[in-house]
Amino acid sequence: MTQNTVTRAVVIGTGHYLPARVVPNAEFAATLDTSDEWIVSRSGIERRHFAAEDEATSHLATNAARAALAQAGITADTLDAIIVATSTPDLTFPSVATMVQAQLGMTSGFAFDVQAVCAGFIYALANAHALIVAGTAQRVMIIGAETFSRIMDWTDRSTCVLFGDGAGAVILEGQPGTGTAEDRGILSIDLHSDGRYKDALFVDGGVSTTGTAGYLRMQGKEVFRHAIEKLAKTAESALEKAGLTSSDVDWIVPHQANLRIIKGTALKMGLSMDNVIVTVPDHGNTSAASIPLALSVGVEQGKIKPGDLVVTEAIGGGLAWGAVVLRW
C-alpha cells in the first residue's frame, strides 16, 4: 500500500543581520541607577546592538534576507512571498515587507507584515506554512526585524536595558513528505492569545490614540510569570500535535527575552540547557527578530543540522504566544 504524500514547509536557508553598534551594559550604568551585575543577574543580557540613525527596520530586514538567500543559493525572484514580523515598522504604511521586496529587486509575488510583538515570528511561520500547504505559495521568506531602540524610555531602567535591534530570516519551501513525524519541515503549530493582559506589555502611543510612536511599558514580574507558565505548555502542546514528546527534541530555540525564562522553560520541559540555543547575552531581546536570529546563529555555529527536531516558542505583548515544531 502506498503512503499518502503531503506538502511540508521545509527550511532551505537562514540568515541574520546585526547593526554595527554594540552597546555593553556599562553604557547604561553611566546614565542610570544600574550596573552590569544588576542587568546580568536579572536578564542574562551583557550587550546588545542598536541601529544607526540612518538604519531603519527595512534595512535590517533586507540585510538578513540577502544572507538567507545567499545561504540557500537562490535569488529573490524565485520567492513567491515575503512575510515580515515586526512591531517597529519604518512607516505606519506601507508594510516593511513591501520595502524589503523593493530593496531586493523582487517585482513578482506578494509581501505583507505580521504584528504579534515578540511572538510575531511564530505567527509569521504559521502564515507561511498555511500559504505553502494551501498551494498559494511554493517558496516564502519569513523575516523578523526590529528597531526597539526607537521606542525605549531611556529613563526607565527596568525596560531600556533589555531590548536590542536586529533581524533574522528563514526561507521555507514546499516539499513532499510522507505525513509522519520523520518528515523534514514544519510538523505542528500551536497559537494562543489573550487580550485581557494588554497592560502587562504595551507601547503607550499609536496612530489613532496619541499620534506618536510612544514608549514601551512593561510589568516585568507579570510577564515573567506568564512566560514561565505558558511557554513550556505551548511547546508541549505543539509536540503532542506532532505525536512527539520532549525526549524527541534536539534543540529548543526560544524567544530570547530573558535567560531566567529560558532556563525555567527548559526545566519545565525536562530538557538540559545543552539542548537550548541561547543568544540573549549578546543580542538582548530583539522581539520578533530573536528566534530567526537564534536559528541562523545555531546553523552558523554548526549546532542545528539537517534532520534535527527543533521546537521554537515565544510570548509577547497581547498577550500572544505559541510554538512551532519542525524537523530541520
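Parameters at a glance
- Residues numbered from 1 in each chain as written.
- Predicted model: local features only at pLDDT ≥ 70, side-chain atom pairs only at ≥ 80, totals over all residues.
- Heavy atoms only, no water.
- Buried < 20%, exposed > 50% of the residue type's maximum accessible area, 1.4 Å probe, protein only.
- Helix = DSSP H or I, 4+ residues; strand = E, 2+ residues; numbered from the N terminus.
- Pairing = 2+ DSSP bridges.
- Expected span 1.5 Å × (residues − 1).
- Contact = heavy atoms within 4.5 Å.
- Polar contact = N/O pair within 3.5 Å; in protein donor to acceptor, adjacent residues only side chain to side chain.

Across a regular strand the side chains alternate sides, sitting on one face of the sheet and then on the other. Buried residues dominate strand β12 (residues 309–316), accounting for eight of its eight residues. Side-chain alternation along β12 places Leu309, Val311, Glu313 and Ile315 on one buried face and Val310, Thr312, Ala314 and Gly316 on a second face that is also buried. Two strands pair when backbone bridges link them, and strand β11 (residues 251–254) and β12 are joined in this way by four bridges, in the parallel orientation. The partner of proline 254 across the bridge, within β12, is glutamate 313. Here β12 pairs with strand β13 (residues 320–327) via eight bridges, running antiparallel. Note on β13: the bridge partner recorded for leucine 309 is arginine 327. Between β12 and β13, which pair antiparallel and follow one another directly, the connecting turn spans three residues, one of which, glycine 318, has a positive phi of 145°.

Another point: helix α3 (residues 57–72). The terminal C-alpha atoms of α3, which comprises 16 residues, lie 23 Å apart, in line with the 22 Å expected from a rise of 1.5 Å per residue. Taken as a whole, α3 has its buried residues at Thr57, Ser58, Leu60, Ala61, Thr62, Ala64, Ala65, Ala68 and Leu69. Tucked inside the fold, the buried residues of α3 contact β1 (6–17), α4 (96–103), β6 (139–147) and β7 (165–177). Of the residues trailing α3, glycine 73 is marked for its positive phi of about 70°.

The next point concerns the pairing of β13. With respect to burial, β13 is a largely interior element, eight of its eight residues being buried. Here β13 shows a buried face lined by Ala320, Gly322, Val324 and Leu326 and a second buried face lined by Trp321, Ala323, Val325 and Arg327. Direction of pairing for strand β8 (residues 185–193) relative to β13: antiparallel, over a ladder of eight bridges. Across the sheet, aspartate 190 pairs through a bridge with alanine 323, a residue of β13.

Within the secondary structure, histidine 16 sits in strand β1. A polar contact of 2.7 Å, which involves the side chain of histidine 16, links it to the side chain of serine 296. Setting aside anything within four residues of it in sequence, one finds histidine 16 in contact with Ala64, Ala67, Ala167, Gly168, Leu293, Ser296, Val297 and Glu300.

Just distances and angles here, no functional claims.
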